[in-house]
Amino acid sequence: VQLVESGGGLVQAGGSLRLSCAASGSTFSLNTMDWYRQAPGKQRELVATITRDGGTTNYADSVKGRFTISRDIAKNTIYLQMDNLKPEDTAVYHCNAPFGLRAVIGGKDYWGQGTQVTVSS
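Described in the following lines is the structure provided in the data block. (Residues numbered from 1 in each chain as written. Predicted model: local features only at pLDDT ≥ 70, side-chain atom pairs only at ≥ 80, totals over all residues. Heavy atoms only, no water.)

Structural notes on the nonpolar core
- Among the nonpolar cores identified, the biggest contains 27 residues, and Trp 35, Phe 67, Ile 78, Leu 80, Met 82 and Tyr 93 are the most heavily contacted of them.
- Sort the elements by how many residues they give to this core and strand 3 (residues 17-24) lands first, with four residues. (Core = buried A, V, L, I, M, F, W, Y, C linked by side-chain atoms within 4.5 Å. Buried < 20%, exposed > 50% of the residue type's maximum accessible area, 1.4 Å probe, protein only. Helix = DSSP H or I, 4+ residues; strand = E, 2+ residues; numbered from the N terminus.)

Written out as structure tokens, the structure reads:
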């Protein structure tokens, strides 16, 4: 079981980034997958969701029209294309299965290390 997020960085407002999440383990390959973000001092927020076959996607209102979630089933990788970035998008971004479907290690939901996105104004 492993989730490895990458692709974050520092970008100016209006710029773009593409995040990747390499997932291993059947839990992830068989499930809907989400992208979350957590800004300092704030609760984790669900950003985008994609079904296993990639046929259905959903987005938080705050990112709708700017972010696009996709997945490569063969590579077991989930992507988040982020365009027209805003300073309020600054956060650590994580991918994971929905609550209740996540891998559990040591009695806690497993999370990868995440990737930092910083948007300057």
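Some points on the sheet that holds strand 12 (residues 115-120)
- The strand order 2-12-9-4-5-6 describes an open sheet built from six strands, whose pairing is mixed. In this open sheet, the two edge strands, each paired with only one partner strand, are strand 2 (9-12) and strand 6 (57-59). Neighbouring strand axes in the sheet, compared pairwise and without regard to direction, differ in orientation by 25 degrees on average.
- In the sheet, strand 2 pairs with strand 12 via four bridges, with the strands oriented parallel. Within strand 12, the position partnered with Gly 9 by the bridge is Val 117. (Pairing = 2+ DSSP bridges. Axes fitted to C-alpha atoms, helices over the stretch in contact; angles between N-to-C directions.)

Quick notes on the pattern of salt bridges
- Under the counting rule described, the total for this entry stands at five salt bridges.
- The partner of Arg 37 in a salt bridge is Glu 45, with the nearest N and O atoms 2.8 Å apart.
- We classify Arg 37 as buried; its relative accessible area is 7%.
- Note on Glu 45: relative accessible area 28%, which makes it partly exposed.
- One salt bridge in this structure joins Arg 66 and Asp 89, with 2.7 Å as the shortest N-O distance. Linking Arg 66 in the loop between strand 6 and strand 7 (67-72) with Asp 89 in the loop between strand 8 (77-82) and strand 9 (91-96), this pair joins segments that are 23 residues apart in sequence. Across the pair, Asp 89 and Arg 66 agree in class, each one buried.
- Members of the salt-bridge network, linked through shared partners, are Arg 37, Glu 45, Arg 66 and Asp 89. (Salt bridge = Lys/Arg side-chain N within 4 Å of Asp/Glu carboxyl O.)

Considering the environment of Ala 22
- Along the chain, Ala 22 falls in strand 3.
- Taking the C-alpha atoms as reference, Ala 22 lies 5.1 Å from Val 4; in sequence the two are 18 residues apart.
- Dropping the residues within four chain positions of it, Ala 22 is found in contact with Gln 2, Leu 3, Val 4, Asn 76 and Thr 77. (Contact = heavy atoms within 4.5 Å.)

Looking at the state of the cysteines
- For the coordinates displayed, the defined rule picks out one disulfide.
- Paired by a disulfide, Cys 21 and Cys 95 hold their sulfur atoms 1.7 Å apart. Disulfide Cys 21-Cys 95: torsion about the S-S bond near 45 degrees, hence right-handed. Residue Cys 21 is found in strand 3, and its partner Cys 95 is found in strand 9; the two are separated by 74 residues along the sequence.
- A residue is classified by how much of its surface remains accessible, and Cys 21, at 0% relative accessible area, is buried. (Disulfide = S-S within 2.5 Å.)

With respect to the side chain of Asn 31
- Relative to the helices and strands, Asn 31 is located in the loop between helix 1 (26-29) and strand 4 (33-38).
- According to the relative accessible area criterion, Asn 31 is buried, its value standing at 15%.
- Contact partners of Asn 31, with chain neighbours within four places excluded, come to Arg 52, Arg 71, Ala 97 and Leu 101.

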